[in-house]
Amino acid sequence: MRNKPTTIPFCSHLVVINQKKLHHQTKAQIYMLVELPMSCSEINIALGLNAWIQKEPNLQVILTTKNSRTIRPIFFKDIQDIKVLKKKDKENVYILELTAQQRSRFIQTLREVAI
């Protein structure tokens, strides 16, 4: 009898962020890939991310591009709204880089509001 290898649950969702604009700026949209070591639906990601933004508005997270590793910091208070997209075939997508502590707080918020 063989033991089946266990797979670690994983989810990956493409999120579009609409940043708050100042009077001299145009509306800025950022496409961000959110990857978590757990199973999570699009609706739950949206609920959890919105709750986390409301809970910690002064938190700064880092977004990086996949190829060039360009870094773009963003504060949660600068986000106007988010939308989780079904398609994942966008160009110029940033990846949400979370520290272990940030990932833990995000997963905790997800569990509180969505799961």
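A. Expanded view of the pattern of salt bridges. Under the defined criterion, the tally for this structure stands at 3 salt bridges. Here K86 and E42 are joined by a salt bridge, their closest N and O atoms 3.0 Å apart. Of this pair, K86 sits in the loop between strand 5 (79–85) and strand 6 (94–97) while E42 sits in helix 1 (residues 42–55), and the two are 44 residues apart along the sequence. A relative accessible area of 66% means that K86 is categorised as exposed. Its relative accessible area of 28% is what places E42 among the partly exposed residues.

B. Just helix 1, in detail. Between the first and last C-alpha of helix 1 there are 20 Å, a value that for 14 residues agrees with the 20 Å anticipated at 1.5 Å per step. When helix 1 is considered as a whole, its buried residues turn out to be N44, I45, G48, L49, A51, W52 and I53. For helix 1, the secondary structure elements touched by its buried residues are strand 1 (11–19), strand 2 (29–36), strand 3 (60–65), strand 5 and helix 2 (100–113).

C. Layout of the packing of aromatic side chains. Taken as a whole, this structure holds 2 aromatic pairs when the rule is applied. Measuring from ring centre to ring centre gives 4.9 Å for W52 and F76, while their planes differ by 75 degrees; the resulting arrangement is edge-to-face. Residue W52 is found in helix 1, and its partner F76 is found in the loop between strand 4 (71–75) and strand 5; the two are separated by 24 residues along the sequence. Looking at W52, the relative accessible area reads 0%, which means it is buried. Residue classification places F76 among the buried residues on the basis of a relative accessible area of 4%. Pairing W52 with F106 gives two aromatic rings, centres 4.8 Å apart and planes at 10 degrees, and the pair type is stacked. Residue W52 is found in helix 1, and its partner F106 is found in helix 2; the two are separated by 54 residues along the sequence. Judged by relative accessible area, F106 falls into the buried class, the value being 0%. The structure contains a cluster of three or more aromatic residues connected by ring pairs, namely W52, F76 and F106. The lysine or arginine in question, K77, covers the ring of F75, its NZ or CZ lying 5.3 Å from the ring centre.

Conventions used here
Residues numbered from 1 in each chain as written. Predicted model: local features only at pLDDT ≥ 70, side-chain atom pairs only at ≥ 80, totals over all residues. Heavy atoms only, no water. Salt bridge = Lys/Arg side-chain N within 4 Å of Asp/Glu carboxyl O. Helix = DSSP H or I, 4+ residues; strand = E, 2+ residues; numbered from the N terminus. Buried < 20%, exposed > 50% of the residue type's maximum accessible area, 1.4 Å probe, protein only. Expected span 1.5 Å × (residues − 1). Contact = heavy atoms within 4.5 Å. Phe/Tyr/Trp six-rings, centres within 6.5 Å; stacked < 30°, edge-to-face > 60°. Lys NZ or Arg CZ within 6 Å of the ring centre and 35° of its normal.

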